[in-house]
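# Commentary on secondary and tertiary structure
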Amino acid sequence: MSTRRGDGWTCDHGAQYFTARDPGFRAEVARWQQAGVAALWSPRIVVIDAHGVRKAESARNASLACRA
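Note that the structure is predicted; figures quoted are calculated from it, not measured.

With that out of the way, let us pick up the packing of aromatic side chains. Inspection of the entire model under this criterion finds three aromatic pairs. With centroids separated by 5.6 Å and ring planes inclined at 45°, the aromatic side chains of Phe 18 and Phe 25 adopt a geometry described as tilted. What makes Phe 18 partly exposed here is its relative accessible area of 40%. With a relative accessible area of 31%, Phe 25 lands in the partly exposed category. Taken together, a centroid distance of 5.8 Å and an interplanar angle of 85° make the contact between Phe 25 and Trp 32 edge-to-face.

In structure tokens form, the structure reads like this:
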């Protein structure tokens, strides 16, 4: 995962999330959650362009997903 931090902002430009479908992997992810090293991702995704910053309709519509 790749995150950049600045004064009052963070920007995730790597893999913000993953999907666990395999039962064995799901069990492993559950252990990570219990250990506090993984959590459900609840993003606030914005689009930054020449017009400023605005809320993205979806992650697929944002070429650079950042948390404002």
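On we go.
Between its first and last C-alpha atoms helix H1 (residues 23–35) spans 18 Å; for 13 residues at 1.5 Å apiece the expected length is 18 Å, and the two agree. One side-chain oxygen at the N-terminal end of H1 lies 2.9 Å from the backbone nitrogen of Gly 24; it belongs to Asp 22. Count one or two residues on from H1 and you reach Gly 36, which has phi positive near 85°.

Cut-off values and rules
- Residues numbered from 1 in each chain as written.
- Predicted model: local features only at pLDDT ≥ 70, side-chain atom pairs only at ≥ 80, totals over all residues.
- Heavy atoms only, no water.
- Phe/Tyr/Trp six-rings, centres within 6.5 Å; stacked < 30°, edge-to-face > 60°.
- Buried < 20%, exposed > 50% of the residue type's maximum accessible area, 1.4 Å probe, protein only.
- Helix = DSSP H or I, 4+ residues; strand = E, 2+ residues; numbered from the N terminus.
- Expected span 1.5 Å × (residues − 1).
- Polar contact = N/O pair within 3.5 Å; in protein donor to acceptor, adjacent residues only side chain to side chain.

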